Every structure is written in C-alpha cells, then in structure tokens.
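Report on the structure
Chain residues, written in single-letter form:
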Amino acid sequence: MKKEMTKAIELRINGNLKESNELLITMVKESPNDAYINYQCAWSFDVLGEEMKAVPFYENAINLGLDGKDLEGALLGLGSTYRTLGEYEKSKSTFSKGMELFPGNKAIQVFYSMTLYNLKEHNSAMKLLLNCLIDTTTDKEILSYKKAISFYSDKLDEIWS
C-alpha cells in the first residue's frame, strides 16, 4: 500500500492529476477506513477542481482519526472546499476547529477570513487579515507601521475627529 501511495503522490506532483486520482480511488475502495488514504483522495479531487467529490473524503479522513499535519491540511482543505461550494457556515465551523487545534497556522486564518467575507463579516475578516499580514510579513515598510496597523485593525469604521 505504501508503494501505491508514493506513486499516487508522485503522479500528482508531476502533474498527472487524473491518473493519481484514479489510483487513490482504487486505494480507498481497498482500504475505506484508512484516514490518510481518504485525505489524499480528497486532495486529488480538489486539485482536479472537483470540490464536491472531495468533500466526503475529507469528512471521512477527519472522522476516521486523521491527526497532526495531515489533519491540519484536511481541515484547511475541507474548509476551503466548503467555502467554494457556498457552504459558508460549514466552512466557518471547519476553520474554527482548525484554528482551535492549530492556532499558529496563518493559512487557515487567511482562508477563514475569506469565509468571513462571504458571510458579510467584513470587519472580522479585515482584522484577521491585517493581523496575519503584520505577523508574517518581512516588508520593512509595512513593519514600520505594525503598531498602527494592529491598532486600527478592529477600528476600520471609526472616524477620528
């Protein structure tokens, strides 16, 4: 099984997305309760732009006990997939779980901010994005305004007179 997984991942890396996906589908059929195989299969549907087909595999992977970096990736993938399908509340819930379990993952926070935008929670989305920006940038100009950006991040509608 390990050899097949290595091949499936190599196929994806080399751009043979459909072939990788077909191999992973076969592997899931052979081992439906393997969380990692379900995760890789979900990922393979995502990169093919078949988000709706990815969802049950992400959900299975998570429910089957995926952990560590793989769980982190699956929560990001599932939350993002829900968002692209217009399932904003499911996306928000998934990203909230991801941020709770992996508070240092800025990618989850950025994708979560997109979901907040879709839910018309613009202030929360901007605050999160601005804080991610100042926490991760190496741009000297932005960093020189870090204190101000942080201060204003949750005061975007205030008018100062």
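None of these values were measured; they are calculated from a predicted model.

Things to note about the overall build of the chain
In terms of helices and strands, the chain carries 10 helices and 0 strands. Helices (α) and strands (β) of the chain occur, in sequence order from the N terminus, as α-α-α-α-α-α-α-α-α-α. The proportion of buried residues among the 161 residues of the chain is 38%. Counting 19 positive and 23 negative side-chain charges, the chain places the centres of these two groups 2 Å from one another.

Remarks on helix 7 (residues 106-118)
An ideal rise of 1.5 Å per residue puts 18 Å on 13 residues; helix 7 measures up with 19 Å between its terminal C-alpha atoms. Listed in full, the buried residues belonging to helix 7 are Ile 108, Gln 109, Tyr 112, Ser 113, Thr 115, Leu 116 and Asn 118. Each element contacted by the buried residues of helix 7 is listed here: helix 5 (68-84), helix 6 (88-101) and helix 8 (122-136). Between the side-chain oxygen at the start of helix 7 and the backbone nitrogen of Ala 107 there is a gap of 2.9 Å, and the oxygen is on Asn 105. In the stretch just after helix 7, Lys 120 is the one whose phi turns positive, near 65 degrees.

Concerning the pattern of salt bridges
With the rule as written, the count across this model stands at 6 salt bridges. Measuring nitrogen to oxygen at the nearest pair gives 3.0 Å for the salt bridge that ties Lys 53 to Glu 50. According to the relative accessible area criterion, Lys 53 is partly exposed, its value standing at 48%. Residues Lys 69 and Glu 72 are paired through a salt bridge, measuring 3.4 Å at the closest nitrogen-oxygen approach. Of this pair, Lys 69 and Glu 72 both sit in helix 5, 3 residues apart, which is roughly one turn of the helix. A relative accessible area of 66% places Lys 69 in the exposed class. Each of Lys 127, Asp 154 and Lys 155 takes part in a single network of salt bridges with overlapping partners.

Notes on helix 8
Along an α-helix, a turn takes 3.6 residues, which lines up residues three or four apart on a common side. With 15 residues, helix 8 extends 21 Å between its outermost C-alpha atoms, agreeing within 8% with the 21 Å of an ideal straight helix rising 1.5 Å per residue. For helix 8, the full list of buried residues reads Ala 125, Leu 128, Leu 130, Cys 132 and Ile 134. Of the surrounding secondary structure, the elements contacted by the buried residues of helix 8 are helix 7, helix 9 (140-143) and helix 10 (146-152).

Considering the packing of aromatic side chains
Here the structure, examined in full by the defined rule, presents 8 aromatic pairs. For the ring pair Phe 151 and Trp 160, a centre distance of 5.9 Å and an interplane angle of 40 degrees mean the geometry is tilted. An angle of 75 degrees between the planes, with centres 6.0 Å apart, marks the rings of Tyr 152 and Trp 160 as edge-to-face. A relative accessible area of 49% means that Trp 160 is categorised as partly exposed. Each residue in the set Tyr 36, Tyr 39, Trp 43 and Tyr 58 is aromatic and connected to the rest through ring pairs, giving one cluster. Across from the ring centre of Phe 151, 4.3 Å away, lies the NZ or CZ of Lys 155, which sits over that ring.

Things to note about the packing of helix 5 against helix 7
For the pair helix 5 and helix 7, the least separation of the axes is 10 Å and the interaxial angle reads 20 degrees. With respect to each other, helix 5 and helix 7 are oriented roughly parallel. Viewed along their axes, helix 5 and helix 7 form a crossing whose handedness is left-handed. Contact with helix 5, carried on its side by Glu 72, Leu 76, Ser 80 and Arg 83, involves Ala 107, Ile 108, Phe 111, Met 114, Thr 115 and Asn 118 of helix 7 and no other residues of that element. Partitioned by chemical class, the residues of the contact of helix 5 with helix 7 number 5 nonpolar, 3 polar and 2 charged.

Calculation rules
Residues numbered from 1 in each chain as written. Predicted model: local features only at pLDDT ≥ 70, side-chain atom pairs only at ≥ 80, totals over all residues. Heavy atoms only, no water. Helix = DSSP H or I, 4+ residues; strand = E, 2+ residues; numbered from the N terminus. Buried < 20%, exposed > 50% of the residue type's maximum accessible area, 1.4 Å probe, protein only. Lys, Arg positive; Asp, Glu negative; His and termini not counted. Charge placed at Lys NZ, Arg CZ, Asp CG, Glu CD. Expected span 1.5 Å × (residues − 1). Contact = heavy atoms within 4.5 Å. Polar contact = N/O pair within 3.5 Å; in protein donor to acceptor, adjacent residues only side chain to side chain. Salt bridge = Lys/Arg side-chain N within 4 Å of Asp/Glu carboxyl O. Phe/Tyr/Trp six-rings, centres within 6.5 Å; stacked < 30°, edge-to-face > 60°. Lys NZ or Arg CZ within 6 Å of the ring centre and 35° of its normal. Axes fitted to C-alpha atoms, helices over the stretch in contact; angles between N-to-C directions. Parallel < 35°, antiparallel > 145°, perpendicular 65-115°, else oblique. Left-handed = near helix turned anticlockwise from the far one by under 90°. Nonpolar A, V, L, I, M, F, W, Y, C, P; charged D, E, K, R; others polar.

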